[in-house]
Amino acid sequence: MTRERKLQIGLWAIGAVIALAVPFMFGPFRVGQFTLVIAYAVAVLGLNLLVGYSGQISLGHGAFFALGAYVAAILIAKEGFPHLLTLPIAGAVCFAAGLLLGIPALRLRGLYLALVTLAVGIAVPQLIKRFEGLTDGTQGINVLQPSAPDWVPLADDQFLYFLTLLLALPMFLLASNMVRGRVGRAMVTMRENEIAAKAMGVNLATFKTGTFAIAAMYAGLGGALYTFSIGFVAPESFTLTLSFAFLAAVVVGGLATITGAVFGALFIEFVPVYASDVNEALAGVIYGAVLIAFMYALRDGIVGLGRRLIRRASRPSGGASVGTGRPRVGASEARRET
Amino acid sequence: MGRFTGKRLLWLALLAAAALFVAACGRDEDEGGGEGGSDPGITKTEIKLGGSYPFSGPASAYKTIADGAKAYFKKVNAEGGVDGRKIKFVTLDDAYEPPRAVQNARRLVEQEQVFALFNTLGTPNNLAIWDYMNQKKVPHLFVATGASDWGEDIKAHPYTIGWQPDYVTEAQVYANYLKEEKPDAKVAALYQNDGFGKDLLGGFEEAIQGSNIKVVAKESYEVTDPTVASQVSKLASSGADTFLNITTPKFSAQAIVAVAKSNWKPLHILNNVGASKALVLTPAGLDNAKGIVSTTYYKDPEDPKWADDPAMTEYKDGLKAFSSRSNPNDPFHVYGWGAAQTMVEALKNMKEPTRAALMDSVRNLDQEVPILLPGIKVETTPDDGYALEAMQVQRFDGKRWRLVGDVVESER
Amino acid sequence: MERFVQTIVDGIATGSLYGALALAVVLIFRTTGIVNFAQGEMAMFSTFIAWGLLQAGLPLGLAILATLALSFAGGMVIERVIIRPVEGGEVLTLVIVTLGLFILTNSAAGWIWGFETRGFPSLFGDDSVSVAGVDIAVESVGIVVLLLGVVGVLFLIFQRTKVGLAIRAVSINPDSSRLAGISVGRTLMIGWGMAALVGALAGALLAPRLFLDVNFMGGVLVYSFAAATLGGFDSPFGAVVGGWIIGVTENLAGTYVDFIGSDLKILVPLGVILVVLLVRPSGLFGSPEVARA
């Protein structure tokens with residue numbers, strides 16, 4: 001096993017330990033924040049599949065998140081469904097919605113796709129209000145949070161955290177398998193060169209629409225988990241700001257990475273709050289500046305940085321002497337010259 | 001520089017994890033309780049209150065409410081506090097987003113360990129947190145919204161109470177006014193498509209039932225709309241002779257201008273939130289606003305009538321001393337100041353330093369708040385969850401608002 | 001009938017407002033190939049500067065001219081300092097940077113000037129004339145004329161001047177342009193400066209109607225994108241015409257189509273975007289994207 005691999009495993013282990021330890025290290029409020037981070041991470045993962053791996057841009061991801069959140073809220077609060085049952089339903093509904101959006105998206109690329117998805121993202125609060133018979137419009141829907149069953153020796157917030165983690169894990173594993181396999185390679189080929197992909201037998205239509213649907217499904221599941229965690233949905237909860245936040249999370253975490261979703265979600269949950277703590281009035285300035293700074297310094301996101309560090313750390317001891325030396329002039333260097 | 005080996009990195013990381021453990025050092029459960037028998041957030045020297053406001057985002061214009069409240073608390077502290085306890089008001093930004101309000105509430109209650117939540121702003125935000133607040137049995141007081149929910153539901157949400165006259169009360173005042181002045185009015189309504197707009201319009205429609213007043217046209221708008229000009233244009237051609245303008249400041253100004261520019265000359269009724277001379281009428285043009293009718297329940301900082309009024313002087317001096325960047329003519333400051341006065345009164349009337357005693361005090365208020373109009377009192381009983389239920393009609397004469405008639409009480 | 005004509009006239013008036021900001025959006029796209037999400041906020045910031053100058057006592061015309069100049073400079077600085085480091089990189093990186101700029105500018109404006117609504121005087125006064133029972137504001141006519149004037153000037157710049165030629169060259173092929181001796185960096189800066197200037201002008205035109213506050217451009221931006229999409233993202237004339245079409249359609253739909261009503265008005269520009277992009281992505285006047293097959 002290479003050094004790099006050992007390092008990676010080591011870091012994974014640490015990460016797992018931390019993730020499991022969180023509910024015992026922090027009070028209920030913080031744990032609640034981390035639970036929300038997990039819900040966001042699932043949605044961001046879906047968006048990353050769409051944007052990072054298959055190269056299709058979406059500025060309206062919040063719409064599917066909202067759809068999933070409302071499906072869960074309506075079923076639980078109004079129809080008395082058990083919480084867990086709403087997850088597959090939310091996922092299925094959003095999958096279908098993603099297919100619907102994916103079909104016209106076939107014909108669009110880049111800027112144009114961005115605009116259409118932007119339109120979808122904007123329309124969400126309006127549509128929620130318009131269908132108020134179902135959604136209770138601006139009153140919003142209050143949802144009871146899942147509480148720890150008696151035989152589990154955990155507090156409610158800890159239970160919810162572990163439940164969310166447990167539900168999110170398979171989503172991450174599934175995504176990870178997808179991108180490592182045939183599907184992932186097809187997506188990346190499609191992203192880099194559509195003609196080549198077609199020539200290699202990739203059915204563009206299936207993959208493009210399929211990716212949309214999968215991304216939507218992930219967003220919907222994230223939305224349902226969000227409903228469990230926050231316990232309330234209203235039109236004001238799902239504005240364009242949310243879609244932008246998801247996109248920022250994808251890029252900050254690392255495009256075309258799986259673990260990037262977690263870091264991205266941590267970023268969009270905590271940075272605005274910290275910015276606000278530093279200075280209420282300047283919170284937006286701080287947040288915007290941090291976002292821009294991230295784009296300068298960490299173009300491949302946090303995970304990208306992590307990978308680079310791991311690579312450097314796992315080089316044979318002796319550091320940057322022979323062999324590494326001056327960086328080779330590659331494509332990325334040439335670009336920086338411009 | 002040492003060797004940056006993989007092994008070192010691993011150890012470093014493990015060390016970091018261990019440090020995290022030690023730092024977080026076991027879990028801080030909430031409800032730790034204060035000293036001997038009293039609740040969190042209150043000690044012999046301090047009372048901690050929490051608030052969630054939109055300091056950023058689409059509703060940021062209302063943050064001046066927080067400024068007004070803070071100024072009053074600072075003044076009270078400068079004068080010794082409440083029974084020797086200084087008030088600490090911790091405010092957090094929720095950008096008018098319900099999920100952030102939920103998190104703020106949890107943070108304030110569990111991490112900041114506040115005694116009570118005061119004056120949280122926005123109907124959806126308060127709806128998002130009131131179940132939680134009542135579940136935790138933390139007082140959720142004097143919320144900054146006029147939705148009727150807060151007074152309707154005392155049994156299910158005993159820890160929640162509003163402050164301002166709610167929108168239904170306000171609508172009743174308009175209905176009454178019309179019944180007297182224009183009993184056959186044909187009303188065209190512009191309303192914001194959210195809880196605030198719908199509550200007011202709904203209250204109005206209910207209050208005019210059985211009379212000859214009719215709503216002949218309704219147009220809504222979203223806060224994300226750039227302008228309401230086209231809605232007003234439509235209403236102008238509806239044949240109505242009365243314009244019920246249920247909007248928030250920016251859109252109120254737009255509507256006033258749109259009406260003034262058209263040929264439509266209705267009786268213009270403007271809701272209280274949008275009636276500020278400083279924030280709305282001046283940008284819209286004082287001449288355009290002549291004849292507009294609205295309601296109010298507190299003294300107008302720009303009304304010369306109150307120039308020497310002790311309460312007004314106290315407010316203006318206090319704002320200058322404790323919030324010097326603030327514009328005293330911004331009515332939201334007065335609002336915050338007034339609500340804070342009720343909060344302090346409730347704290348003063350507490351029989352014990354406990355949340356239960358605070359709620360008891362809150363449910364039995366009978367307070368003259370000097371910055372409110374004479375004749376309007378804060379009154380609550382265990383069955384009556386509406387703190388303020390009266391308003392007075394005012395008409396703009398081109399230069400200032402003039403009070404009309406008497407204080408009108410709600411018909412609940 | 002009168003109602004119908006009035007609806008159309010109102011639509012053109014509102015549409016001009018959308019078109020004004022769309023012009024700025026199109027300018028940036030045309031020169032740098034980026035969609036600048038922060039365009040509206042930059043325009044808002046510029047308008048606040050103009051307002052500040054007015055408060056300081058400058059007459060309206062002078063205040064606006066000064067603001068245009070300042071905005072031009074500001075646009076150049078933004079390109080050089082904020083955008084240049086990520087130019088030529090991933091599209092997404094650029095998108096996020098403009099988003100960050102959006103948030104930053106909005107918050108900065110609030111911090112400096114506060115969040116209250118303010119009035120802003122109109123360049124064209126407040127009168128309106130009544131033609132055959134239809135009210136037309138002098139201001140609306142003025143805006144239309146001014147916009148067409150700006151489109152004309154831009155046309156001249158792009159077709160007849162060296163700077164315009166440079167901009168066109170850089171937007172098509174920066175590397176070849178560099179080889180031909182064009183300073184790509186400087187050209188990009190000029191492009192951003194121009195867009196910022198037009199944005200500032202748009203702000204000054206919109207503020208009297210919409211009233212100036214920190215969030216007043218937010219709603220307009222979507223409509224401007226729709227207008228630019230409809231007209232063609234690289235056509236200034238298209239942007240203005242697109243704005244009119246959207247303004248009129250939205251008004252007509254709001255008035256005559258009951259299902260839409262006023263609360264779903266936003267669906268009109270969104271629907272336009274969708275339809276145009278599916279049927280004719282390059283818009284009415286834009287140049288079609290030629291992809292090497």
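To keep things clear, this report deals only with the structure shown in the data block. Values in this document were obtained by computation on a predicted structure and should not be read as measured data.

## Concerning the overall build of chain B
Okay, step 1: Tallying secondary structure elements over chain B gives 13 helices and 14 strands in all.
Okay, step 2: Relative to a compact globule of 412 residues, whose C-alpha radius of gyration would be 22 Å, chain B shows 24 Å and is just as compact.
Okay, step 3: C-alpha atoms of chain B, sized along the principal axes, occupy 80 × 55 × 40 Å.
Okay, step 4: The contacts of chain B with a sequence gap of at least 6 include a subset with a gap of at least 24, amounting to 69%.
Okay, step 5: As presented, chain B carries roughly 15500 Å² of accessible surface, and 51% of it is formed by carbon and sulfur atoms.
Okay, step 6: Within chain B, the 54 negative side-chain charges are centred at a point lying 7 Å from the centre of the 46 positive side-chain charges.

## A word on the interface of chain A and chain B
Frequently, the measure chosen for interface size is the accessible area removed from exposure when the parts meet.
Okay, step 1: Counting from both sides, the interface comprises 46 residues of chain A and, opposite them, 44 residues of chain B.
Okay, step 2: Counting the surface chain A buries against chain B, the share from its top three residues, Met25, Phe29 and Glu280 of chain A, is 18%.
Okay, step 3: At the junction of chain A with chain B, the criterion picks out 3 salt bridges.
Okay, step 4: As a salt-bridge pair, Lys198 of chain B and Glu132 of chain A come within 3.2 Å of each other at their nearest N and O atoms.

## A look at a positive patch on the surface
Residues and elements named next belong to chain A.
Okay, step 1: On the surface, Arg5, Arg180, Arg307, Arg311, Arg312 and Arg315 cluster together into a positively charged patch.
Okay, step 2: With 3 residues, the single largest contributor to the positive patch is helix H14 (residues 301-313).
Okay, step 3: Note on placement: Arg311 falls in helix H14.

## Remarks on the interface of chain A and chain C
Okay, step 1: The partner chain C presents 43 residues to the 36 residues of chain A that form the contact.
Okay, step 2: For the pair chain A and chain C, the summed buried surface comes to about 3600 Å²; carbon and sulfur atoms form 79% of the total.
Okay, step 3: It is Tyr112, Arg130 and Tyr296 of chain A in chain A that bury the most area against chain C; as a group they hold 17% of the surface buried on that side.
Okay, step 4: The interface formed by chain A and chain C includes 0 salt bridges.
Okay, step 5: The tally of links between chain A and chain C comes to 4 residue pairs in polar contact (both at pLDDT 80 or more).
Okay, step 6: Those elements giving two or more residues to the side of chain A that touches chain C turn out to be helix H5 (110-130), helix H11 (240-253) and helix H13 (283-297) of chain A.

## With respect to the sheet that holds strand E4 (residues 140-143) of chain B
All names here are of chain B.
Okay, step 1: Spatially, E2-E1-E3-E4-E5 is the arrangement adopted by the 5 strands of the open sheet, whose pairing is parallel. Of all strands in the sheet, those with a lone pairing partner are strand E2 (86-93) and strand E5 (160-162), marking the two edges. Adjacent strand axes in the sheet meet at a mean angle of 25° when their direction is disregarded.
Okay, step 2: When strand E3 (residues 116-118) meets E4, the two strands line up parallel, connected through 2 bridges. Residue Leu117 lies in a different strand from E4, and its bridge partner there is His140.
Okay, step 3: Sheet strands touched by helix H3 (residues 98-111): strand E1 (46-53), E2 and E3. Its angle to E2, the strand with the most contacts, is close to 150°.

## Some words on helix H3 (residues 61-79) of chain A
Okay, step 1: Taking 1.5 Å as the rise per residue, H3 of chain A with 19 residues should run 27 Å; its terminal C-alpha atoms sit 26 Å apart, in good agreement.
Okay, step 2: Positive phi appears at Gly80 of chain A, one or two residues downstream of H3 of chain A, with a value of about 70°.

## Focus: the pairing of strand E2 (residues 134-137) of chain C
Taken residue by residue, a regular strand's side chains alternate between the two faces of the sheet.
Residues and elements named next belong to chain C.
Okay, step 1: Two strands pair when backbone bridges link them, and strand E1 (residues 128-131) and E2 are joined in this way by 4 bridges, in the antiparallel orientation. Its bridge partner lying in E2, Ser128 is registered against Ala137.
Okay, step 2: Where E1 hands over to E2, the hairpin turn is made up of 2 residues, of which Ala132 adopts a positive phi near 50°.

## As for the packing of H13 of chain A against helix H4 (residues 91-113) of chain C
Okay, step 1: Between H13 of chain A and H4 of chain C, whose axes approach to 7 Å, the crossing angle comes to 160°. As the angle between them shows, H13 of chain A and H4 of chain C are arranged roughly antiparallel. Note on packing geometry: the crossing formed by H13 of chain A with H4 of chain C is left-handed. Facing Ala283, Gly284, Val285, Tyr287, Gly288, Ala289, Leu291, Ile292 and Met295 of chain A of H13 of chain A, the residues of H4 of chain C in contact are Thr93, Ile96, Val97, Gly100, Leu101, Ile103, Leu104, Ser107 and Ala108 of chain C.

Reading the values: the criteria
Residues numbered from 1 in each chain as written. Chains lettered and ligands numbered in written order. Predicted model: local features only at pLDDT ≥ 70, side-chain atom pairs only at ≥ 80, totals over all residues. Heavy atoms only, no water. Helix = DSSP H or I, 4+ residues; strand = E, 2+ residues; numbered from the N terminus. Rg over C-alpha atoms; globule rule 2.2 N^0.38 Å. Contact = heavy atoms within 4.5 Å. Areas by Shrake-Rupley, 256 points an atom, 1.4 Å probe, with all protein chains shown as cover. Lys, Arg positive; Asp, Glu negative; His and termini not counted. Charge placed at Lys NZ, Arg CZ, Asp CG, Glu CD. Buried area = accessible area lost by both parts, 1.4 Å probe. Salt bridge = Lys/Arg side-chain N within 4 Å of Asp/Glu carboxyl O. Patch = residues over 30% accessible without salt bridge, like charges linked within 9 Å, V, L, I, M, F, W, Y side chains within 5 Å. Polar contact = N/O pair within 3.5 Å; in protein donor to acceptor, adjacent residues only side chain to side chain. Pairing = 2+ DSSP bridges. Axes fitted to C-alpha atoms, helices over the stretch in contact; angles between N-to-C directions. Expected span 1.5 Å × (residues − 1). Parallel < 35°, antiparallel > 145°, perpendicular 65-115°, else oblique. Left-handed = near helix turned anticlockwise from the far one by under 90°.

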